[in-house]
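Architecture and fold: a report
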Amino acid sequence: MKKRHFSPILLLFLVFLLLQSGVQTTFAASDGALETAVQPGELLIPGGNAFGIKLFTKGVVVIGVTDVQTASGLTAPAADAGLEVGDVIVEIDGHEVNTAEETKALIGACEGRSLSVVYERGGERVSTVLTPQLDAAENEDRGGVWVRDSTAGIGTVTYYDPATGAFGALGHGITDGDTMALMPFGSGSILPSTVKAVKKGSSGSAGELRGNFDLSGDLGPLCANTDCGIFGTLSQPKPGEAVQTAPASAVTTGAAEILSNVDGEQVQRFSIRIDRVDPDAKNGRNLLITVTDEALLAKTGGIVQGMSGSPILQNGKLVGAVTHVLVNDPTMGYGVLIENMLEMAK
């Protein structure tokens, strides 16, 4: 397989955390799925460490549909073909496409011909015909479509399985920042990261962890992105003490803790309170939580972007992961049950 690189133009840096006002995403399993499933009650090592992620799409995501200025006036080839923001183009003129460069090259080489295009929308494949137009200023055939093929960002590892090397993180999936739809997963990996600074959260303004990571320093491949987290396998064992995972029936309201990395590479333990447990809630909102730890409140103002995936522990067991912050009150947020994460990991 041809090695893919991030385009400086298309590289989007995200901090992976769902906000109350937005919806984040998921990735489908790759063709070479890895063994990542574990069962409630098994021993897992809680994470809490920040990590970088790089992800390449399967197909290219349409993030914009534009006009093309021709010698005779404005035309809209992509719109005329029925393409919309959020569509995933998988084939052009009989050729599979996975990068923005491939898309541009195939459209630019059409020499005035109409091109067959296959795209995915709402889980279904649709065929159409795209007729590129000659851009008067650039003297190139253009399709009037902007696409994205990759993303990168920072999040938090939830657990590591010492028996298999599998890990789960984020507690939710990753969406495209423009379309808010799930980015179709092609390949990806996680990277070492260091938290350099924190933007403190306040009412109406979400805070965030700010850090850096090395795009060349892979720690292991990803294999899936789901509504309950991203999953993969670490190439090297992660040290730490394994704890039992709790079934949903064992999770109660009351005192709990989270593990999170809000300074450098240090994972710290912070106190929280579980205010509500709803096993049937959707979009990673099984647990309503409140930060009670004075040190964390002083440092971050509560839950901030980048903490999503932070493991939640209660009575010494791993019960869930942080997923959302309430924008109007960053001391509060939501979490997903670990039982749901593990089920999705299958």
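Residues numbered from 1 in each chain as written. Predicted model: local features only at pLDDT ≥ 70, side-chain atom pairs only at ≥ 80, totals over all residues. Heavy atoms only, no water.

Quick word on the environment of Q305
Just so we agree on the cut-off: Per the convention used, a helix needs a DSSP run of H or I reaching at least four residues, while a strand needs a run of E reaching at least two, with both numbered from the N terminus.
Mapped onto the elements, Q305 comes out in the loop between α3 (294–300) and β23 (311–314). In the structure, Q305 is positioned 97 residues away from E208 in sequence and 4.2 Å away in space, judged by C-alpha atoms.

Overview of the side chain of Q314
Definition in use: Here, two residues are considered to be in contact whenever any of their heavy atoms come within 4.5 Å of each other.
Relative to the assigned elements, Q314 resides in strand β23. Those residues within four positions of Q314 in sequence are excluded, and the remaining contacts are A250, V251, T252, T253, G254, A255, A256, I274 and V319.

A word on helix α4 (residues 338–345)
Heads up, the condition is: Summary of the burial criterion: residues with accessible area below 20% of their type's maximum are buried, those above 50% are exposed, and those between are partly exposed, where the area comes from a 1.4 Å probe applied to protein chains only. An arc is given here, and it is the one of the directions from the helix axis to the C-beta atoms.
For α4, the full list of buried residues reads I338, M341, L342 and A345. One side of α4 holds all its buried residues, which, seen down the axis, span an arc of 95°. Those residues of α4 hidden inside the fold are in contact with β3 (43–46), β13 (145–160), β14 (166–169), β18 (229–233), β24 (317–326) and β25 (329–337).

So, the pattern of salt bridges
Definition in use: Whenever Lys or Arg places a side-chain nitrogen within 4 Å of a carboxyl oxygen from Asp or Glu, that contact is recorded as a salt bridge.
What the rule picks out here adds up to 12 salt bridges. Of the charged contacts, one joins E208 and R210 as a salt bridge, the two residues approaching to 2.9 Å between their closest N and O atoms. By relative accessible area, which is 21% here, E208 ends up partly exposed. As a salt-bridge pair, R273 and D275 come within 2.6 Å of each other at their nearest N and O atoms. Owing to a relative accessible area of 36%, R273 belongs among the partly exposed residues under this scheme. Each of the salt bridges in this network shares a partner with another, and the network as a whole consists of E84, D87 and R121.

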